[in-house]
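Fold and contact review
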Amino acid sequence: MLNDADLAAIAITLKLAATTTLILLLLGTPFAWWLAHTRWRYKFMLEAVVALPLVLPPTVLGFYLLVALGPQGPVGGLLEHLGGQPLVFTFTGLVIGSVLYSMPFVVQPLQGAFASIGPRPMEVAATLRASPLDRFFTVAVPLARSGFLTAAVLGFAHTVGEFGVVLMIGGNIPGQTQVLSIAIYDHVEVLEYGHAHWLSGGLLLASFLMLMAVYALNRRFSLVRP
Amino acid sequence: MLNDADLAAIAITLKLAATTTLILLLLGTPFAWWLAHTRWRYKFMLEAVVALPLVLPPTVLGFYLLVALGPQGPVGGLLEHLGGQPLVFTFTGLVIGSVLYSMPFVVQPLQGAFASIGPRPMEVAATLRASPLDRFFTVAVPLARSGFLTAAVLGFAHTVGEFGVVLMIGGNIPGQTQVLSIAIYDHVEVLEYGHAHWLSGGLLLASFLMLMAVYALNRRFSLVRP
Amino acid sequence: DEIHIAVASNFTHTIKLLGTRFEASSGHKVTFSFGSTGKHYAQIKHGAPFHALFAADVKRPELLDKEGIALPGSRFTYAIGKVVLWSPIKDVVDAQGKVLQDGTFRHLAIASPKLAPYGRAARQVLVQRGIWEALQGRMVRGENIGQTFQFVKSGNAELGFIALSQIKHPARAIEGSVWAVPQSLYSPIEQQAVLLRESDAARAFLTFVRSDESLEIMRGFGYATPNVE
Amino acid sequence: MSIQIRFKIDRGEFVLDVDMEIPDRGITAVFGPSGCGKTTLLRAIAGLEPCHDGYLRVGEMLWQDGAFFVPPHKRPLGYVFQEASLFAHLNVCRNLEYGIKRVPASQRRVSLHKAIELLGIGPLLEHTAGQLSGGERQRVAIARALAVSPGILLMDEPLAALDQARKQEILPYLESLHDEFDIPVIYVSHSQDEVARLADHLVLLEAGRVRATGPIGEMLTRLDLPLAYGNDAEALIEAVVAGHDDEYDLTLLDFSGGRFTVSRHDLPVGHPVRVRVIARDVSLTLEHQSGTSILNIFPATIEEITPAGSAQMMIKLMSGDVTLLARVTRKSASVLDLKPGKLVYAQAKSVALLS
Amino acid sequence: MSIQIRFKIDRGEFVLDVDMEIPDRGITAVFGPSGCGKTTLLRAIAGLEPCHDGYLRVGEMLWQDGAFFVPPHKRPLGYVFQEASLFAHLNVCRNLEYGIKRVPASQRRVSLHKAIELLGIGPLLEHTAGQLSGGERQRVAIARALAVSPGILLMDEPLAALDQARKQEILPYLESLHDEFDIPVIYVSHSQDEVARLADHLVLLEAGRVRATGPIGEMLTRLDLPLAYGNDAEALIEAVVAGHDDEYDLTLLDFSGGRFTVSRHDLPVGHPVRVRVIARDVSLTLEHQSGTSILNIFPATIEEITPAGSAQMMIKLMSGDVTLLARVTRKSASVLDLKPGKLVYAQAKSVALLS
Ligand SMILES: Nc1ncnc2c1ncn2[C@@H]1O[C@H](COP(=O)(O)OP(=O)(O)OP(=O)(O)O)[C@@H](O)[C@H]1O
Ligand SMILES: Nc1ncnc2c1ncn2[C@@H]1O[C@H](COP(=O)(O)OP(=O)(O)OP(=O)(O)O)[C@@H](O)[C@H]1O
Ligand SMILES: [Mg+2]
Ligand SMILES: [Mg+2]
């Protein structure tokens, strides 16, 4: 049922979604924390910028990324100048695009979760000898658990389903940048419905199982909460 | 710079995003509240289902919606049987598709925000004579304000930028179902980059201004908070 | 050697078969990236690693040629698309396409005339018949010819202008009812290919595409073939 | 009428199992050690604690009977929670208004203005909950609960966070509430002092069960209850104002065993009052002594003597028909040869007029 | 060494402005009405309240001096917050362990085991914060703060939510902390009773400023401070154990004015103790009386007389070189003709041994 290209696409998709989610959590967490706590006057501008990539259709965003990251673009040009490899049509390029596009889905829930903790638990932890980083991980993160869950699920799922950006800056190269969503799209596009149903069904089922596991696990942990 | 079709597309886009966001908030709020408070054993399954549409590429989701809502599909067939109008290629169809696709972006932040309020404020309100609905609006909603903000921003922005689903079940009829994202996409596709830049730039600027206003307003209100 | 080729979506089935044959006979390996020609053009301009482009039209290959991105002299027409008016239901479409004037259909699907050559052809047909304006409100547009087909196939649009290649398969008969639109009603949908990078394998593949064996295959999938000079 | 309460709430290790009837007038104190179920009981009365098979009737209102259940917001009660519970999204003023708005104007009896003044929160009206000190928060919460003009007031240690001076201001006001508006109060406290000062009726909880319940005066002097053995063991005596001594600013109070002299309180002659005499403040002498600064000396008969620890004795006295408690060392009891039936003089060094 | 504190924190209507030096041994109580800035002061000491131009030295450790600032987690302190502050995501046991894990084993001095036992939270170790009663939460918070073996302990009304019996158990333990481990404690309270019982040193705050500071004994009997006029006005007396009366289970304590008799405490002869005599428990007689249950009678000279309200007088007495307070009615003062210099007998009905 699944040919080699499909299998490769699945592997790339998982790798892309996992990498993107990981990077988003890594970058998004401190950023969301900062947004939740800064008293900077103009933070509302930054908050607006975070949500901005969303309003562009993905293909169009992908197009602009292509221009920016391409050899004639500002980023790509600079990179080339410094002797780096170009980013477009590579897995790295895909990751950059996905990270940008899925950013708000990770940053916003985290920011909300951090803000709702309030200052008290962190103060308590400080009086119990926990350094800022220590208390961040042992207090803020567990208390913001539901925010992390939302962020991770939205970020991961959105990256799996994302397609326009990835198509544009990835170039749909089988085995390298062809992800599952594009593979399914291709099948639908050329009327290979049977194949598309299989892939979609499998994707849905796998995602459903994964999400269910995540939520069930979350439920088990949260039983400890008040 | 902008032709009539563009202007119509802008109007439809705004109408679609506003309608979708409104419907999502209306439906998503009670649903999120229920998810946040139920002790139903199997709620984790429902939580997984909510995030599921995300993992399908929008065009593919659109395709399945097209089939489901079409005259031979289960929903469309039933509707036709009951003497209703078909939904595909109508604004209503667009709304249905967008609602389904943007659902998790609204439900999940709301659920998180509701859960983090805890039971106490609602109990207090009950002892102050507030009926369940009353206290929901006067206590739960204001306390979950940041969740509503996140939900509305993500829902709105995602609908504006959404494109695959809308293209598929809208049929891209100018003045009826041609939204801005498709218009921009068309320009990029046929190398009318100048036009695309204008539209994208305008969209970005307008969105930026709107988001900034939202966040700045939010900041002003939240100054009252602890 | 391994070569990588960007191909317009409508040509997917055909080129896959060509690719398999080519690999068997030459020992090279070919991979394809399918997509809209507009995207491929943008990607090629920004450094996409394709060896060749099989476009859905003439315009983009011409541009690449002019801009000096394509290898000089490599551009050629590999196939000519045929437009049909199709419905999956029997007897909806008559052999003269009268249904367009008399029919009570709710939706007619076409590809976006702006984006897709098949859409442009559909418009030419309707303009010729003088019903382009009248049908505006009943027309739904697919982003590409694939989507247009889905509109019709799913029953949401009763009929639509699609590519013959979408319903014609060498091994199967055509379902439903169809009007094969006369070539005279629209300007030919020439699909051109260009070579983008120097590669013996790629040149070999382009040559293979022009072979009689290949042309036979293309005709089987519903394309007209250019007169080989 | 009365308040009838029957609840059984099972929480695993802890089970609240109460079945009691308390008066629906005056202040009923719920007293017991930490973790005995006081808060749980109050929550159940408010309808906040799910309890499938309970029974609750407050005066003529049936609030719960098995499956029949009046939801919390339909119960005309005021609740002061044990922990700060101000709405974080509203400032003090709007917190106060929240409940009032939901009470029909015709049912408003308590003056918000008065409550604000009394609780000293006037200058804080524009603050948010986060900008208040612990005591300030609690005071706002009290005012908020009062402002809904409740039919019954449930208070969970409302004064624990307040200083003595503030307590002294609020307590009389709470008392006046039930005098003026006839609002019964159920008052959770672990301060025997506060309880004696305020309560008319006492419910003694122990590990989720009612150990005893009854009028405060009786309960405080029952030598079979722990109340009589604490540092604050005391007797409450009903008396009436007999007159005033204008020269020394004193008030004279008559009870069946004699006359108390206390600092002046502006009450009309004949007004009934409650006087509190702490056991450790009462000394016994064999003769009526003079040349002492103690003004309150009464003849009394020893009723009962129980050891209170190894060095002390708790002595129950009858003066007239009034019970007094005195705590003396075993040595004194032995030296003075105290035994039931003996006539002694009880000297009460300090006597507090409560209401 | 000492603790030197200088803070100025401006919050608009409220300004905390303190500059004081307190001892770095024993228990220092911070006492004052609700909203006077006690919590703010404690938070500033912990480093939780931003204060740009403050100075704070604890013993030999400089914690703040203008821009120099030791962050809270590097200050070896224990903090019991005024409001419950358990981590909601951890059960009781893990709450307790949180701090301990972060203290090097070599610096652990306080036994968690002992603290758990004393605070009676052994059966609650598996509970989460939401499953605890108000008092239980507070007890866990105290144990958690103790368990980090702090160099200084900051406690914000730690016992307000606890019943008398529990307080009686915890107070001696807190005292033993500074005896055993030499941990200084800064203790916020609005209970004069608790303060007198516990504190060595007192800081009196009023509206953000230090009204007075000094050793507890001195502060309590200063007639220019409000402490001497409350219901709990009292004197603290240093005494030593003189012997025991085994027959009656009593302990005899000598001080320069005579000998106290109190319930037995198992202390060696010669052990220094602190005795508390509440002003309202002290009556004055002109003659030494007999036939009374009162055991503690001392000759004393009247030092100073001040009115306390319109009906009462506060009388400062010297017995030996010790100050006592007696509160009597103006009438008694007049009848007995009390005036400075006069010799009287002070009868202390009840006397509490504190440590
Ligand atoms: N964030 C803030 N903004 C403005 N004023 C504040 C803020 N926090 C506290 N205050 C005010 O500072 C004063 C001192 O507060 P603090 O919490 O130190 O009082 P406290 O002595 O601990 O009182 P309590 O005994 O009631 O706990 C109070 O009047 C309070 O209203
Ligand atoms: N959700 C819960 N699950 C299990 N046990 C609980 C839960 N909530 C409270 N308890 C237990 O129920 C008992 C009674 O709690 P409650 O809050 O009624 O005590 P309390 O008398 O108000 O004590 P305090 O004076 O300390 O506030 C406590 O032992 C507590 O540990
Ligand atoms: Mg309680
Ligand atoms: Mg405080």
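Residues numbered from 1 in each chain as written. Chains lettered and ligands numbered in written order. Predicted model: local features only at pLDDT ≥ 70, side-chain atom pairs only at ≥ 80, totals over all residues. Heavy atoms only, no water.

1. Describing the overall build of chain C
Rule in force here: Secondary structure elements follow DSSP: runs of H or I of four or more residues count as helices, runs of E of two or more count as strands, with numbering from the N terminus. What the globule rule says is 2.2 Å times the number of residues to the power 0.38, and the radius of gyration is computed from C-alpha atoms. In this scheme, a residue with accessible area under 20% of its type's maximum is buried, one over 50% is exposed, and one in between is partly exposed, where area comes from a 1.4 Å probe on protein chains only. Computed with a 1.4 Å probe, the accessible areas rest on the Shrake-Rupley method; for each residue, only the protein chains presented here act as cover.
Counting its regular elements, chain C contains nine helices and ten strands. Taking 17 Å as the expected radius of gyration for a compact globule of 229 residues, we find that chain C reaches 18 Å, a close match to that expectation. In terms of principal-axis extent, the alpha carbons of chain C reach across some 55 × 35 × 30 Å. Burial status across chain C gives 61% buried among its 229 residues. Summing over all exposed atoms, chain C offers an accessible surface of approximately 8900 Å²; the carbon and sulfur share of this is 51%.

2. Regarding the domain arrangement of chain D
All names here are of chain D. Where we set the bar: Domain borders in the structure are assigned automatically or taken from a domain database. Accessible area that two parts lose when put together, with a 1.4 Å probe and added across both, is what the buried area reports. For this analysis, a salt bridge means a side-chain nitrogen from Lys or Arg found within 4 Å of a carboxyl oxygen belonging to Asp or Glu. Any residue that is not Ala, Val, Leu, Ile, Met, Phe, Trp, Tyr, Cys, Pro, Asp, Glu, Lys or Arg is counted as polar, Gly included; the first ten are nonpolar and the last four charged.
What the domain assignment lists for chain D is domain 1 (2–216) and domain 2 (234–238 + 272–353). The centre of domain 1, based on its C-alpha atoms, is set 35 Å off from the matching centre of domain 2. Note on domain 1 versus domain 2: buried area summed over both sides is about 470 Å², and carbon and sulfur give 35% of it. At the boundary of domain 1 and domain 2, one finds one salt bridge. For the salt bridge of Asp200 with Arg274, the shortest nitrogen-to-oxygen distance reads 2.8 Å. Broken down by element, the side of domain 1 that touches domain 2 gets its largest block of residues, five residues, from helix 6 (residues 192–198). When the residues that make up the side of domain 1 that touches domain 2 are grouped by side-chain class, the tally is four nonpolar, one polar and three charged.

3. Comments concerning the relation of the copies chain E and chain D
The criterion, for reference: The copies were overlaid by least squares, fitting only the C-alpha atoms of residues that reach a pLDDT of 70 or more in each copy. Working rule for contacts: check all heavy atoms of both residues, and any pair within 4.5 Å makes them a contact.
Take chain E, turn it by 180°, move it 0.1 Å along the axis, and it overlays chain D with an RMSD of 0.1 Å. Within this description, the copies of the chain are treated as partners about a two-fold rotation axis. Interface residue correspondence from chain E to chain D reaches 100%, placing this contact among same-surface, isologous pairings.

4. Some remarks on the packing of helix 1 (residues 12–26) of chain C against helix 9 (residues 212–220) of chain C
Residue and element names in this part refer to chain C. Inclusion rule: An axis is simply a line fitted to the C-alpha atoms; with a helix, the fit covers only the stretch in contact. Between two such axes, the angle follows the N-to-C directions and lies from 0 to 180 degrees. Should an angle fall under 35 degrees it is called roughly parallel, over 145 degrees roughly antiparallel, and 65 to 115 degrees roughly perpendicular, with every other angle called oblique. Helix crossings are classified by the rotation of the near helix relative to the far one: an anticlockwise turn of less than a right angle makes the crossing left-handed, while a clockwise turn makes it right-handed.
Packing of helix 1 against helix 9 leaves a shortest axis separation of 10 Å and a crossing angle of 150°. Relative to helix 9, helix 1 is oriented roughly antiparallel. The way helix 1 lies across helix 9 gives a crossing that is right-handed. Contact residues: Thr14, Leu17, Leu18 and Arg21 in helix 1; Glu213, Ser214, Ile217 and Met218 in helix 9. Tallied by class, the residues present in the contact of helix 1 with helix 9 amount to four nonpolar, two polar and two charged.

5. A look at the coordination of the magnesium ion (ligand 3)
Cut-off, in case you're wondering: Here a donor is any nitrogen, oxygen or sulfur atom (N, O, S) within 2.8 Å of the metal, with 3.2 Å used for Na, K and Ca; water is not among the atoms considered, so some sites may look incomplete.
Coordination sphere of the magnesium ion (ligand 3), protein contribution only: Thr39(D) (OG1) and Gln82(D) (OE1), at 1.9 to 2.2 Å. On the criterion of sequence distance, the pair formed by Thr39(D) in helix 1 (residues 38–46) and Gln82(D) in the loop between strand 7 (77–80) and helix 2 (92–101) is long-range, its members being 43 residues apart.

6. Considering the site of ligand 2
Where we set the bar: A molecule or strand has a residue near it when one of that residue's heavy atoms lies within 4 Å. Counting of polar contacts relies on pairs of N or O atoms within 3.5 Å, with two restrictions inside protein: one atom must be capable of donating a hydrogen and the other of accepting it, and residues adjacent in sequence are counted only when both atoms are side-chain atoms.
For ligand 2, the set of nearby residues contains 17 residues, the closest of which are Lys38(D), Thr39(D), Thr40(D), Ser133(E) and Gly135(E). Positioned at a junction of chains, ligand 2 has nearby residues supplied by chains D and E. Between Cys36(D) and ligand 2, the recorded distance is 3.2 Å, taken from a backbone N or O atom to an oxygen atom. Here an oxygen atom of ligand 2 and a backbone polar atom of Gln131(E) are 3.1 Å apart. Bound to the protein, ligand 2 loses 88% of the 640 Å² it would expose on its own. Broken down by secondary-structure element, the contributors of at least two residues to the shell around ligand 2 are helix 1 of chain D together with helix 4 (134–147) of chain E. Partitioned by chemical class, the residues of the shell around ligand 2 number two nonpolar, eleven polar and four charged.

7. A few points about unusual backbone geometry
With phi around 50°, Glu157(D) is a residue other than glycine that occupies positive phi space. Relative to the elements of secondary structure, Glu157(D) occurs in the loop between strand 8 (152–156) and helix 5 (164–180). Taking the relative accessible area as the measure of exposure, Glu157(D) reaches 6% and is therefore buried. Unusually for a residue other than glycine, Ser149(E) sits at a positive phi of about 50°. On the secondary structure map, Ser149(E) appears in the loop between helix 4 and strand 8 (152–156).

8. A word on the nonpolar core
It is characteristic of soluble globular proteins that their nonpolar side chains tend to be buried jointly. Short version of the rule: Joining through side-chain atoms within 4.5 Å is the link that ties buried Ala, Val, Leu, Ile, Met, Phe, Trp, Tyr and Cys residues into a set, and such a set is a nonpolar core.
Within the largest apolar cluster, 240 residues are counted, with the highest numbers of intra-cluster contacts made by Phe114(B), Ile5(D), Leu41(D), Ile5(E) and Leu41(E). Each residue touching Ile5(E), except ones within four places of it in the same chain, is listed here: Val18(E), Asp19(E), Met20(E), Ile22(E), Leu41(E), Ile45(E), Tyr55(E) and Leu56(E). Judged by nonpolar contacts, the second largest core, of 57 residues, contains Ile15(C), Tyr78(C), Ala121(C) and Met218(C).

9. Some remarks on the packing of aromatic side chains
All names here are of chain A. Counted only if it meets this: Ring pairs are drawn from Phe, Tyr and Trp, using the six-membered ring of Trp, whenever the two centres fall within 6.5 Å, and their geometry is named by plane angle: stacked under 30 degrees, edge-to-face over 60, tilted for the rest.
Within this structure, the stated rule accounts for 43 aromatic pairs over all chains. A ring pair is formed by Trp33 and Phe114, whose centres lie 5.0 Å apart and whose planes are at 85°; its orientation type is edge-to-face. Taken as a pair, Trp33 in helix 1 (residues 4–37) and Phe114 in helix 5 (residues 91–117) lie far apart in primary sequence, 81 residues in all. Among the residues examined, Phe114 registers a relative accessible area of 1% and is labelled buried.

10. Regarding helix 9 of chain C
Each α-helix turn comprises 3.6 residues. Residues three or four places apart therefore point the same way. Residues and elements named next belong to chain C. Regarding helix 9, the residues found buried are Ser214, Leu215, Ile217, Met218 and Gly220. In this fold, the buried residues of helix 9 make contact with helix 1, strand 4 (76–81) and helix 8 (200–209). Gly222 sits one or two positions beyond helix 9 and adopts a positive phi of about 100°.

11. So, the arrangement of the chains
Looking across the six pairs of chains in contact, one finds the most contacts between chains D and E. One thing to see here is that chain A and chain D don't touch, and their nearest C-alpha atoms sit 10 Å from each other. The two partners chain B and chain E share no contact, and the minimum distance between any of their C-alpha atoms is 10 Å.

12. Things to note about the pattern of salt bridges
Summed over the entire model, instances satisfying the criterion amount to 36 salt bridges over all chains. Here Glu49(E) makes a salt bridge to Arg43(E), at a shortest N to O gap of 2.6 Å. The exposure classification of Glu49(E) matches that of Arg43(E), with both residues buried. Across the pair Asp281(E) and Arg280(E) runs a salt bridge, and its minimum N-O distance is 4.0 Å. Several salt bridges converge on common partners, so that one network encompasses Arg120(A), Glu123(A), Arg11(E), Arg43(E) and Glu49(E).

13. Description of the interface of chain E and chain D
Note: interface size is frequently given as the accessible area lost on complex formation between the parts. Between chain E and chain D, the contact holds 58 residues from the first and 58 residues from the second. Roughly 4600 Å² is buried in total at the junction of chain E and chain D, and carbon and sulfur atoms are behind 46% of that figure. Viewed at the interface, chain D and chain E are joined by four salt bridges. Linking chain E with chain D are 17 residue pairs in polar contact (both at pLDDT 80 or more). Residue assignment for the side of chain E that touches chain D shows that the elements contributing at least two residues are helix 4, strand 16 (282–285), strand 19 (322–329) and helix 8 (330–335) of chain E. Looking at the side of chain E that touches chain D residue by residue, the classes come out as 17 nonpolar, 24 polar and 17 charged.

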